[in-house]
Amino acid sequence: RDLHSFPTRRSSDLNHHRMETNGIKKERNRREMKRKTMVPVAIVLLILLDQLVKWYVVKNIPLGVVKSFIPHVVSLTYLQNTGAAFSLLENQQWFFTLITLVVMVGAFYYLYKHLKGSLWMVTGLTLVIAGGLGNFIDRLRQGFVVDMFHLDFMNFAIFNVADIYLTVGVGLLLIYLLREESHGS
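Residues numbered from 1 in each chain as written. Predicted model: local features only at pLDDT ≥ 70, side-chain atom pairs only at ≥ 80, totals over all residues. Heavy atoms only, no water.

Enquirer: Explain unusual backbone geometry to me, please; I cannot follow it from the model alone.
Expert: Negative phi values dominate among residues other than glycine, just as trans dominates among peptide bonds. Positive phi, close to 65 degrees, is recorded for His72, a residue that is not glycine. With respect to the helices, strands and loops of the structure, His72 is situated in the loop between strand S1 (66–70) and strand S2 (74–81). On the accessibility criterion, His72 (70% relative accessible area) is exposed. (Helix = DSSP H or I, 4+ residues; strand = E, 2+ residues; numbered from the N terminus. Buried < 20%, exposed > 50% of the residue type's maximum accessible area, 1.4 Å probe, protein only.)

Written as structure tokens, this is what we have:
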């Protein structure tokens, strides 16, 4: 057979394919740049919200006083927590400092290396970092963490905004891991 009888790609087809490939690469780069910007901004805003709520509670609620917030659901109080989550391991500041530094370094490193990864993982790590840093700021500044949310409908530990970030963040990371495992990745 004659070489000219085989179908060949025209240069316009090749140029169109190159443009599509370049468009996909540009879109990926745009998304990556957006995450590189939005994740640090989200971490800072989450920490600011945590610190603002703690500041409000310290300024407006005397230590140990409970005020109704959403009746029969949640009250606000002011508690100085020298322990870990749910007041565990009280007065072990050196231990919390060490653990927090190790976890934060690991979380930041993993987030940096996998910023292009799953939104579940990136969001979970963002929340864990914000929660860890929010409570770490309290420990460094005051030697204790300000807790304020008291559940009225059940006997549960008093917690704060950073604790919510940590809990939801770890939950999202668990969902991410379970999804990855179920997909055989």
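Enquirer: What is the right way to read the sheet that holds strand S3 (residues 145–151) from this model?
Expert: Sheet strands pair by backbone hydrogen bonding; their relative direction is either parallel or antiparallel. One open sheet accounts for three strands, arranged S1-S2-S3; its pairing is antiparallel. The outermost strands of the open sheet, each flanked by one partner alone, are S1 and S3. In this sheet, adjacent strand axes meet at a mean angle of 35 degrees when their direction is disregarded. Two elements, S1 and S2, share four bridges in a ladder whose sense is antiparallel. For Lys67, the partnering residue across the bridge sits in S2 and is Leu76. (Pairing = 2+ DSSP bridges. Axes fitted to C-alpha atoms, helices over the stretch in contact; angles between N-to-C directions.)

Enquirer: For this particular structure, what's the right way to read the packing of aromatic side chains?
Expert: Two aromatic rings are characterised by how far apart their centres lie and by the angle between their planes. Counting across every chain of the model gives three aromatic pairs. Pairing Phe95 with Phe96 gives two aromatic rings, centres 6.0 Å apart and planes at 65 degrees, and the pair type is edge-to-face. With 6.1 Å between their ring centres and 80 degrees between their planes, Phe156 and Phe159 make a pair best called edge-to-face. In this structure Phe159 comes out as buried when scored by relative accessible area, which is 13%. An aromatic cluster of three or more residues is present, and its members are Phe149, Phe156 and Phe159. Directly above the ring of Phe96 sits Arg139, whose terminal nitrogen or CZ lies 4.5 Å from the centroid. (Phe/Tyr/Trp six-rings, centres within 6.5 Å; stacked < 30°, edge-to-face > 60°. Lys NZ or Arg CZ within 6 Å of the ring centre and 35° of its normal.)

In short, shape yes, function no, at least from these values alone.
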